Amino acid sequence: FHIPLIGRAQGQTTLEFFVHLNEDNLSNCTLEDSRCEATVKLVDDGSFPADKYKDAAETSQNDRISQAGILYEYIKMNWRSPLVSSITRKAALADTVRTF
């Protein structure tokens, strides 16, 4: 069988869900009531906040990791969230208005 995955929440590193099997369209097998549910856990193997510096981090080559670059990747990750980007824009506008 096939279970389609439809994206994940921003920053979510683990996705866990339950699969309940039923006897519809089964052939050459039977299901017991106590053994028809399974827990599935998917673990994201990506790096936080992005995979750009993953190889350098995994091999302890920290001199290849730009602090400004990692900050930029973090900011980009946060701006992908509609809520974070909306609140940031509102705060920037409020600060601009307040300075005048």
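Residues numbered from 1 in each chain as written. Predicted model: local features only at pLDDT ≥ 70, side-chain atom pairs only at ≥ 80, totals over all residues. Heavy atoms only, no water.

This paragraph deals with a negative patch on the surface. There is a patch of like negative charges on the surface, built from Glu 23, Asp 24, Glu 32 and Asp 33. Among the structural elements, Glu 32 can be located in the loop between β1 (14-20) and β2 (37-43). (Patch = residues over 30% accessible without salt bridge, like charges linked within 9 Å, V, L, I, M, F, W, Y side chains within 5 Å. Areas by Shrake-Rupley, 256 points an atom, 1.4 Å probe, with all protein chains shown as cover. Salt bridge = Lys/Arg side-chain N within 4 Å of Asp/Glu carboxyl O. Lys, Arg positive; Asp, Glu negative; His and termini not counted. Charge placed at Lys NZ, Arg CZ, Asp CG, Glu CD. Helix = DSSP H or I, 4+ residues; strand = E, 2+ residues; numbered from the N terminus.)

Before going further, it helps to spend a moment on helix α2 (residues 67-79). Taking 1.5 Å of rise per residue, 13 residues should cover 18 Å, and α2 covers 18 Å from first to last C-alpha, within 8% of that figure. Inspection of α2 places Gly 69, Glu 73 and Met 77 among the buried residues, and these make up the whole buried set. For α2, the angular spread of the buried residues around the axis is 80 degrees, confining them to a single face. Looking at α2, the residues exposed on the side facing more than 90 degrees away from the buried face are Gln 67 and Ala 68. The opening residue of α2, the one whose side-chain oxygen lies 3.4 Å from the backbone nitrogen of Ala 68, is Ser 66. (Expected span 1.5 Å × (residues − 1). Buried < 20%, exposed > 50% of the residue type's maximum accessible area, 1.4 Å probe, protein only. Arc of directions from axis to C-beta. Polar contact = N/O pair within 3.5 Å; in protein donor to acceptor, adjacent residues only side chain to side chain.)

Let's shift gears to the confidence of the model for the protein. This prediction gives the protein a mean pLDDT of 82; 88% of its residues lie at or above 70. Here β1 stands out as the least confident element of the protein, with mean pLDDT 82; helix α3 (residues 82-99) is the most confident, with 91. (pLDDT = per-residue confidence, 0-100.)

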